[in-house]
Amino acid sequence: MKLATNKEHIKYDRHCLNLSQDEIKAKMEGEPYVIRMKVPDGEEVVFYDVVRERVAIQCDEIDDQVLIKSDGFPTYHFANVVDDHLMGITHVMRGEEWLPSTPKHVLLYQFFNWKLPKFIHLPLLLNPDKSKLSKRQGDVSVEDYLNKGYLPETLINFVALLGWHPKDEKELFSLSDLENEFSVKRINKSGAVFDVEKLKWMNGQYLKNLPIETIMKYAEPVFKSKGWDTKNTEKFKAVIENARKRADTIHEMIKPSIPFYAELEYSDEDNNLLQNESSQKVLTYFSEKLTGQINWTEAEIKLLVNETGEITGVKGKDLYAPLRISLFGEVHGPDIPLLIGILGIDETIIRIQRHI
RNA sequence: GGCCCGUUCGUCUAGUGGUUAGGACUCAGGAUUUUCAUUCCUGCAACAGGGGUUCGAUUCCCCUACGGGCUACCA
């Protein structure tokens, strides 16, 4: 594998620099050629990066960079500098991997006698093993995370905090917060590992604290793709309100919402529990009482649950489990009054009576 | 190999020539909640190593180690 046994820096040998004008003309007629930048000998290129301050490199370390390729197109190094100058670019913010080639760009600005932009080299985003963030070790693009149910608000906030920190200990920043508080002065130098766990936490925070309408907007296409009908806005809103606090991503909101949009499935264990004597007493009393009144407030339902317990003599888990399983399909879930509020009285009665 | 950049809890980070080295995520324990979730409280956990400079270094300088980036007629 070790092809280059010599440890010297491998550079273009400037073979063609000594050609006569005639020779150059002749070669250009018949042979493919490139145009290179002649880097001065023995000098030092110095520039000031906003993050790293003074950066200096010996010209002897810099190869005579190709500016125009043999296909006639400019290389990035050349096009980049020309473009930026023509567009009046004042600040060049890019990843740290560009730092080593910046002297080439600085030289070009000097050759053209153009005003140097400010360079701001940002620390790299890293994989868990600290290598440069790469496709091979997971998702790297914003789209990947958007598709996984992370919110744009989260992504902006999270990435801003990778390599930058405000003066205080605030962590949740809206875009307009960032406009006010972000400063290149507080960008730090070392690369940052992209920690998905913390991303999840932050997304959960946004899920819980953004206006409900915003969450509904993001969730709607995802819920629709499950074939669920979200037209009943009031119900959809209540479902989202319930799901948002038990999820860290839009996709995680699906699971706690299933019982509100899909047919319930019961395990043998659930059916056994629902059929036992105390469960039957609870379900019967509760549904009969429920049927006898049209409008129920959550407070009234709470009272009815208590009353059911008192009348039937069933309490604790034996009281709540049959109700929750028949209505929700699981022992764990939202408060029963809230659950019934979302389901509606009619659907509640239907679901309970199926098991009596 | 060469050149460049970096190094505070596992991770993201604050910070100072003299601090109990602070916060957040994760994890553990607890409180609230009929359950789950939420929320709250408490706890675990770090200045890479060695030399200097200094009354005193995590902080300033040097070296080493380690990590990363770049080394294309890619960007």
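So, here's what we can say about the structure. (Residues numbered from 1 in each chain as written. Chains lettered and ligands numbered in written order. Predicted model: local features only at pLDDT ≥ 70, side-chain atom pairs only at ≥ 80, totals over all residues. Heavy atoms only, no water.)

Comments concerning unusual backbone geometry
Then comes step 1: Even without being glycine, Arg-14 reaches a positive phi, approximately 60°.
Then comes step 2: Within the secondary structure, Arg-14 sits in the segment before α1 (21–30).
Then comes step 3: Of the residues examined, Arg-14 reaches a relative accessible area of 17% and is grouped as buried.
Then comes step 4: Its identity is not glycine, yet Glu-53 carries a phi of approximately 60°, on the positive side.
Then comes step 5: Along the polypeptide, Glu-53 turns up in strand β3 (residues 53–58). (Helix = DSSP H or I, 4+ residues; strand = E, 2+ residues; numbered from the N terminus. Buried < 20%, exposed > 50% of the residue type's maximum accessible area, 1.4 Å probe, protein only.)

Overview of the pattern of salt bridges
Then comes step 1: As enumerated under the stated definition, the model contains 15 salt bridges in all.
Then comes step 2: Close ionic contact of Arg-351 with Glu-347 constitutes a salt bridge, the shortest N to O distance being 2.6 Å. On the criterion of helical spacing, the pair formed by Arg-351 and Glu-347 is a turn pair, its members being four residues apart in helix α16 (residues 345–353).
Then comes step 3: Exposure remark for Arg-351: the relative accessible area of 6% places this residue in the buried category.
Then comes step 4: Residues participating in the shared-partner salt-bridge network are Arg-14, Asp-41 and Asp-64. (Salt bridge = Lys/Arg side-chain N within 4 Å of Asp/Glu carboxyl O.)

Examining a nonpolar patch on the surface
Then comes step 1: On the surface, Met-28, Tyr-33 and Ile-35 cluster together into a nonpolar patch covering about 280 Å² of accessible area.
Then comes step 2: With respect to the helices and strands, the residue Ile-35 is situated in strand β1 (residues 35–36). (Patch = residues over 30% accessible without salt bridge, like charges linked within 9 Å, V, L, I, M, F, W, Y side chains within 5 Å. Areas by Shrake-Rupley, 256 points an atom, 1.4 Å probe, with all protein chains shown as cover.)

Regarding the pairing of strand β5 (residues 91–95)
Then comes step 1: Sheet topology places β5 next to strand β6 (residues 118–122); five bridges connect them, and they run parallel. Opposite Met-93, over in β6, you have Ile-120 as the bridge partner. (Pairing = 2+ DSSP bridges.)

Re the packing of helix α8 (residues 212–225) against helix α9 (residues 233–244)
Then comes step 1: Interhelical geometry of α8 versus α9 gives an angle of 100° and a closest axis separation of 10 Å. For the element pair α8 / α9, the angle class is roughly perpendicular. Two secondary-structure elements touch here, α8 through Ile-212, Glu-213, Ile-215, Met-216, Ala-219, Glu-220 and Phe-223 and α9 through Thr-233, Phe-236, Lys-237, Val-239, Ile-240, Glu-241 and Arg-244.
Then comes step 2: Residues of the contact of α8 with α9, tallied by class, amount to eight nonpolar, one polar and five charged. (Axes fitted to C-alpha atoms, helices over the stretch in contact; angles between N-to-C directions. Parallel < 35°, antiparallel > 145°, perpendicular 65-115°, else oblique. Contact = heavy atoms within 4.5 Å. Nonpolar A, V, L, I, M, F, W, Y, C, P; charged D, E, K, R; others polar.)

Some details on the environment of Leu-17
Then comes step 1: Looking at the element boundaries, Leu-17 is found in the segment before α1.
Then comes step 2: In this structure the C-alpha to C-alpha distance between Leu-17 and Asn-306, which are 289 residues apart in sequence, comes to 95 Å.

Observations regarding the protein's contact with RNA strand B
Then comes step 1: Surrounding RNA strand B, one finds 49 residues, the nearest of these being Lys-69, Arg-246, Tyr-320, His-332 and Asp-335.
Then comes step 2: Of everything in RNA strand B that lies within 4 Å of the protein, sugar and phosphate atoms constitute 72%.
Then comes step 3: Taking Arg-186, its side chain carries an N or O atom lying 3.3 Å from a phosphate oxygen of RNA strand B.
Then comes step 4: Elements with a contribution of two residues or more to the surface near RNA strand B: α2 (76–86), β8 (192–193), α7 (196–209) and α14 (317–328).
Then comes step 5: If one sorts the elements of the surface near RNA strand B by residue count, α7 sits on top with five residues.
Then comes step 6: When its residues are assigned to classes, the surface near RNA strand B shows 17 nonpolar, 12 polar and 20 charged. (Near = heavy atom within 4 Å. Polar contact = N/O pair within 3.5 Å; in protein donor to acceptor, adjacent residues only side chain to side chain.)

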